[in-house]
Amino acid sequence: MPKHSPSSLNPRAPLVLDTRDLPRRPGALRTHRRVVPAPADLGVELITVPVGADLDLDLRLESVSEGVLVSGTITGPVQGECGRCLREIDYSVAVNVQELYAYANSTTDDTTDEDEVGRMQDDLIDLEPALRDAVVLTLPTNPLCREDCPGLCPECGVHWDDLPADHSHQQTDPRWASLSQLNRTEE
Ligand SMILES: [Zn+2]
Ligand SMILES: [Zn+2]
């Protein structure tokens, strides 16, 4: 999406920050605390923030010479599946954001690579792209129900937790069973 598209942000959208009450004087500060509903598809393949879940924004908006620096923490629940055993995972994450949004008319264009800096649309900041980046960086691509989850027996699909220590399948040499267990882990 081009960064200079004309302002299409809705100031009432949950993840749009309105900076009109922030003086354009470097050093001026505002805090922004709000609980907003999570947008759709916030997360990675196996683990996401459920759409509509409460996102707790605890942000600081600071005027700097070329724009507004947004920093703080966003906390919300995530749900997913263990990559090894498919058990449900359900916990809460806190992601840190720190992003500079340049004024629409600032000269940052000439001095900064466009991709390095966000851009305000009039007095509005669209927080969603930065939030998505932060969440994707924070969430594990291969989430586990616990660090040492042993996964499922590749032969019968039963969780190793629920199987006796000497569990094996007649036709399978136990050494091969542990090898295929390894392969499974790497998927
Ligand atoms: Zn697991
Ligand atoms: Zn088995």
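Residues numbered from 1 in each chain as written. Chains lettered and ligands numbered in written order. Predicted model: local features only at pLDDT ≥ 70, side-chain atom pairs only at ≥ 80, totals over all residues. Heavy atoms only, no water.

The name recorded for the chain in an unreviewed UniProt entry is Metal-binding protein, from Micromonospora matsumotoense.

Considerations on empty space enclosed by the protein
Rules: A cavity here means a set of points on a 1 Å grid, drawn over the protein atoms and nothing else, where a 1.4 Å probe fits but cannot get out; a pocket is an open set with protein on both sides within 12 Å along at least five of seven lines, and a residue lines either one if it has an atom within 4 Å of a point. Grid points are joined across faces, edges and corners, and a volume is the space filled by probe spheres set on the points. Only DSSP runs of H or I covering at least 4 residues are called helices, and only runs of E covering at least 2 are called strands; the numbering of each starts at the N terminus.
For the structure on display, the rule yields two cavities of 30 Å³ or more. There is about 40 Å³ of room inside the largest cavity. Lining of the largest cavity is provided by Val49, Leu55, Ile74, Thr75, Gly76, Pro77, Val93, Val95 and Val135. Looking at the lining of the largest cavity, the elements with two or more residues in it are strand S6 (67-81) and strand S7 (88-102).

Some details on the coordination of the zinc ion (ligand 1)
Short version of the rule: A donor here means an N, O or S atom no more than 2.8 Å from the metal, or no more than 3.2 Å when the metal is Na, K or Ca. Since water is not included, a site may seem to lack partners. A site with four donors is called tetrahedral when every donor-metal-donor angle falls between 85 and 135 degrees; four donors are called square planar, and six octahedral, when opposite donors sit more than 155 degrees apart and all other angles fall between 65 and 115; any other arrangement is irregular. A simple rule labels every residue: compare its accessible area, found with a 1.4 Å probe on the protein chains alone, to the largest value its type can have, and call it buried under 20%, exposed over 50%, or partly exposed in between.
Distances from the zinc ion (ligand 1) to its protein donors, Cys82 (SG), Cys85 (SG), Cys145 (SG) and Cys149 (SG), fall at 2.3 Å. Considering all four donor atoms around the zinc ion (ligand 1), angles at the metal cover 105 to 113° and the coordination shape is tetrahedral. Counting the intervening residues between successive donors of the zinc ion (ligand 1) yields the motif C-x2-C-x59-C-x3-C. Of this pair, cysteine 82 sits in the loop between S6 and S7 while cysteine 145 sits in the loop between helix H2 (128-138) and helix H3 (174-186), and the two are 63 residues apart along the sequence. Exposure remark for cysteine 82: the relative accessible area of 1% places this residue in the buried category.

Considering the coordination of the zinc ion (ligand 2)
The zinc ion (ligand 2) binds to the protein through Cys153 (SG), Cys156 (SG), His167 (NE2) and His169 (NE2); the donor distances cover 2.0 to 2.2 Å. Between the four donor atoms coordinating the zinc ion (ligand 2), the angles at the centre fall across 101 to 114°, so the site counts as tetrahedral. Mapping the donors of the zinc ion (ligand 2) onto the primary sequence gives the spacing C-x2-C-x10-H-x1-H. A residue pair is termed long-range when its members are at least 10 positions apart, and cysteine 153 in the loop between H2 and H3 and histidine 169 in the loop between H2 and H3 qualify at 16 residues. On the accessibility criterion, cysteine 153 (3% relative accessible area) is buried.

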